[in-house]
Amino acid sequence: MVGAKRSIKNVTDNEEENLSVPPGFVSLTSLTLKKIVTDPNSATERDREPGLVGVPLRNSDLESFKMSLLQRPWISHGQFEHVRHQDDSAQIGNNLVKVPVGAPRPKGVIRGCENCHDCVKVTARWHPEDSYLPPLDDAPVFRPTEEEFRDTLKYIANIRPRAENYGICRIVPPPSWRPPCLLENKEIWEASKFSSHVQKIDRLQKLFSKRKGSRLHEKIETEMPKDAKTGKLDSSNECDGDSEEDKALDLVSNFESGPEFTLKSFKKYSDEFKVQYFRENDTVAATGPKRSEPLIARVESEYWRIVEKPSEEMEVLFGTEVANQTIASGFPVAATPAKGTGKYSEYVKSGWNLNNTAELYGSLLPFGCYSSSTVSVPQIFIGMCFASQCWRNEDHHLYSLSYMHMGSPKVWYSIPGKCFFKFAKVVKKWFPKLSKHPELLHEHVAQMSPSMLIAEGIPVFRCLQNPFEYVVTFPGAYHSEFSCGFNCSEAVCFAPIDWLPHGQNIIEHYAGYGFKTLLSHDKLLLGAAKEAVTYMWDSLTNKSSNSKIQFWRSACGADGTFTRLMKLRVENESIRRKHLCNMPMSRSLGEVDDATKRECCICLYDLYLSAVVCSCSPNRYSCPRHVKHHCSCGWTAKEFLFRYKIDELELLVEALKGNMKAIYSWAKNIQKLATSDKDHTRNNPNATSLCESNGLAA
């Protein structure tokens, strides 16, 4: 006790002001702060703080007093926080600008002028005193060797058990991996233009609907309740009936069109924005010498300050899905001029070249794509400081692989796929209107703070992507990201065997919400199954073995992942067809219609396996589940269409299990593969030994 007294005596007044309360001495009754006014003559008795009546406070004294109160945990700061963060004032430069209650925020960015459209003047400034960095665990980082890096899908499969629980991971290629970036070619860098989009960072906590093609989507734009962090929601935000807004079928987008840029001009615009925003005083000109880059932590903490506590309107620009425009992939391809085909042939053929990833052997995505599908086409993202992509997951819960060609780092956040439904529940809590619009959870949602999600028990992980590095997102994982400055990245989806359970589950959800699918899951399953049987038959007839045969052997068999999923899908289809196969009229779709995409007029389910059509509307189809909703015509007017009979699909499942008789029957009678009687295993006295030597069941 004597030592304690001595140490207290040596503490200065300022140090003593910030001392925390010893354990056991905290008051159980919180004090509530009252409003402190700088002019005592204008204050009523209830506004005056005892002991401060008649004592005018300077602004500096007032701020010092407020900061000292924050160090006292026995005081309830609810009202004080309101005074501090919602006092309707915004700091711009060194001036304090008063903003009336309810008035729009002052513009922080002025884009374009009389002389040019691509200049920028930034009046907003960095607020380090209000910035904060969410405390997050980092996602795993993998550094493959030259040998491990050769097989793309095999390497990702090997790291999946360690990375999937994070929802995301970073892959740093070997030092020798430096593919040329075609975006830097002069004809692209200086001449090719792309259309930019405007993004309002200060409004990212609003919820927008962006997905196209959904019949059930309704126009909705709602803002997160201000007290969502505490979990106390205002019931006034609930919908009390179907308003005109709720009935509308128009979509709301958080992207508005911006000016056209070349990559060179966009980099200039982005660099000027960043220099102006993070400058420390107004004497530094935007066109002055290049200043040192702010630390990533500073950019990240300021980003969340703008999202959660904006003081100005903050507009940034970005380009997305520009691969469909004049700017193509940054990787060299076979059709690239001589510079990209001879010297860089290694990169042209590599599986890490995103033009090849979706179609690598082992990715099932090509089997499910129609000619009009773009889901397997790489997309380019051109970003600037604070440009964001809000929380989302990939269509059909596919894997995604992203590569950064150049520029400043990008900060990613991820939620593991196992928390998909928990995340949906929390978003519904924060956005009460989603109780009527649950389909919006499968697309872009608001840019919610990781700290808010962690407070709800949802794990969030951080991943920093630098140039020349890859980021993998796993099936069902919600993820978001923002750029720390000008950068160009490219991403594509792919679908290995272990994705199949995720893909099968999500299409059922899509049908429930009336989503238009981007690929046919049934077409994918049937196409992959037929190829598997083809290679099984080849291994039997020619007694051959190669990497493709080994691949299908590992995926099929009685206990194989692919076999089990195919069997489950056939069982479900059998239940749905139970009362339809006895229709007066039915016919096979046949292979001639293999490329024709049909969708249910009710739920937009892809009708690759079966469909129902009525004579009253020959171009309108329904799935087996919605036959009664198709039209009011009688049963005899409808016709059942099918690609394969159930007994044929069951034969295919047996073939995948490895039954040699089923393999032969499917290959000869259904798939029409080249066969002969001498290959007929039923007449082969050595059928059993042949079966065992090939790892199949007789």
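Here the structure is a predicted model, which is why all the values come from computation and not from measurement.

Reading the values: rules and limits
Residues numbered from 1 in each chain as written. Predicted model: local features only at pLDDT ≥ 70, side-chain atom pairs only at ≥ 80, totals over all residues. Heavy atoms only, no water. Helix = DSSP H or I, 4+ residues; strand = E, 2+ residues; numbered from the N terminus. Buried < 20%, exposed > 50% of the residue type's maximum accessible area, 1.4 Å probe, protein only. Contact = heavy atoms within 4.5 Å. Areas by Shrake-Rupley, 256 points an atom, 1.4 Å probe, with all protein chains shown as cover. Phe/Tyr/Trp six-rings, centres within 6.5 Å; stacked < 30°, edge-to-face > 60°. Lys NZ or Arg CZ within 6 Å of the ring centre and 35° of its normal. Axes fitted to C-alpha atoms, helices over the stretch in contact; angles between N-to-C directions. Parallel < 35°, antiparallel > 145°, perpendicular 65-115°, else oblique. Left-handed = near helix turned anticlockwise from the far one by under 90°. pLDDT = per-residue confidence, 0-100. Pairing = 2+ DSSP bridges.

Caption draft 1: Focus on the overall build of the protein chain. Along the backbone of the protein chain there are 24 helices and 26 strands. Within the protein chain, the proportion of its 698 residues that are buried is 49%. A separation threshold of at least 6 residues defines the contact pool for the protein chain, and within that pool the share at least 24 residues apart is 79%. A total of about 33700 Å² of accessible surface is found on the protein chain, and carbon and sulfur atoms cover 51% of it.

Caption draft 2: Unusual backbone geometry, seen in detail. Positive phi, normally seen in glycine, also occurs at Phe386, with a value near 80°. Along the chain, the position of Phe386 falls in the loop between β15 (379-383) and β16 (388-392). When its relative accessible area of 0% is taken as the criterion, Phe386 is described as buried. Positive phi, normally seen in glycine, also occurs at Leu604, with a value near 65°. In this fold, Leu604 is placed in the loop between β23 (585-588) and β24 (610-614).

Caption draft 3: Representation of the packing of aromatic side chains in the model. Tallied over the full model, the rule gives 38 aromatic pairs. Ring centres of Tyr510 and Phe515 lie 5.2 Å apart, and the angle between their planes is 50°; on these two criteria the pair is classed as tilted. Judged by relative accessible area, which is 1%, Phe515 ranks as buried. Members of the aromatic cluster, each reached through a chain of ring pairs, are Trp126, Phe273, Tyr277, Phe278, Tyr303, Trp304, Phe386, Tyr413 and Phe482. Sitting over the face of the ring of Tyr621, Arg598 holds its NZ or CZ atom 5.1 Å from the ring centroid. Over the ring of Tyr605 we find Arg625, and its NZ or CZ is 5.0 Å from the ring centre.

Caption draft 4: Structural context of the packing of helix α20 (residues 561-576) against helix α22 (residues 646-657). Interhelical geometry of α20 versus α22 gives an angle of 165° and a closest axis separation of 9 Å. Taken as axis vectors, α20 and α22 run roughly antiparallel relative to one another. Relative to α22, the crossing made by α20 is left-handed. On α22, the residues that touch Phe562, Thr563, Met566, Lys567, Val570, Glu573 and Ser574 of α20 are Ile646, Leu649, Glu650, Leu652, Val653, Leu656 and Lys657.

Caption draft 5: Geometry of the confidence of the model for the protein chain. Considering every residue of the protein chain, the mean pLDDT works out to 75; 67% of them sit at 70 or more. Of the regions scoring below 50 in pLDDT, residues 24-101 engages in 84 contacts with residues more than four places distant in sequence or in other chains.

Caption draft 6: Local environment of the side chain of Asp522. Relative to the elements of secondary structure, Asp522 occurs in helix α18 (residues 521-541). In this view, Asp522 contacts Arg569, Tyr605, Asp606, Tyr608 and Leu609; residues no more than four positions away in its chain are not counted.

Caption draft 7: View of the sheet that holds strand β14 (residues 315-320). The strand order β8-β9-β20-β17-β22-β15-β14-β10-β13 describes an open sheet built from nine strands, whose pairing is mixed. One side of each edge strand has no neighbouring strand; the edge strands of this open sheet are β8 (141-142) and β13 (256-262). Inspection of the sheet shows strand β17 (residues 399-407) paired to strand β22 (residues 487-494) by eight bridges, in the antiparallel sense. Across the sheet, Tyr399 pairs through a bridge with Phe494, a residue of β22. On the sheet, helix α6 (residues 152-163) packs against β8, β9 (168-171), β17, β20 (470-473) and β22 and is oriented at approximately 130° with respect to β9. Along the sheet, helix α9 (residues 263-277) makes contact with β10 (193-200), β13, β14, β15 and β22, crossing β13 at roughly 115°.

Caption draft 8: Main features of the sheet that holds β24. Spatial ordering of the open sheet is given by β23-β26-β24-β25, a layout of four strands whose pairing is mixed. Where the open sheet ends on each side, the last strands, each with one partner, are β23 and β25 (617-622). For this sheet the average axis-to-axis angle between neighbouring strands, irrespective of direction, equals 30°. Here four bridges tie β23 to strand β26 (residues 638-642), and the two strands are oriented parallel to one another. Residue pairing for β26: Ser588 is matched across the bridge by Phe642.

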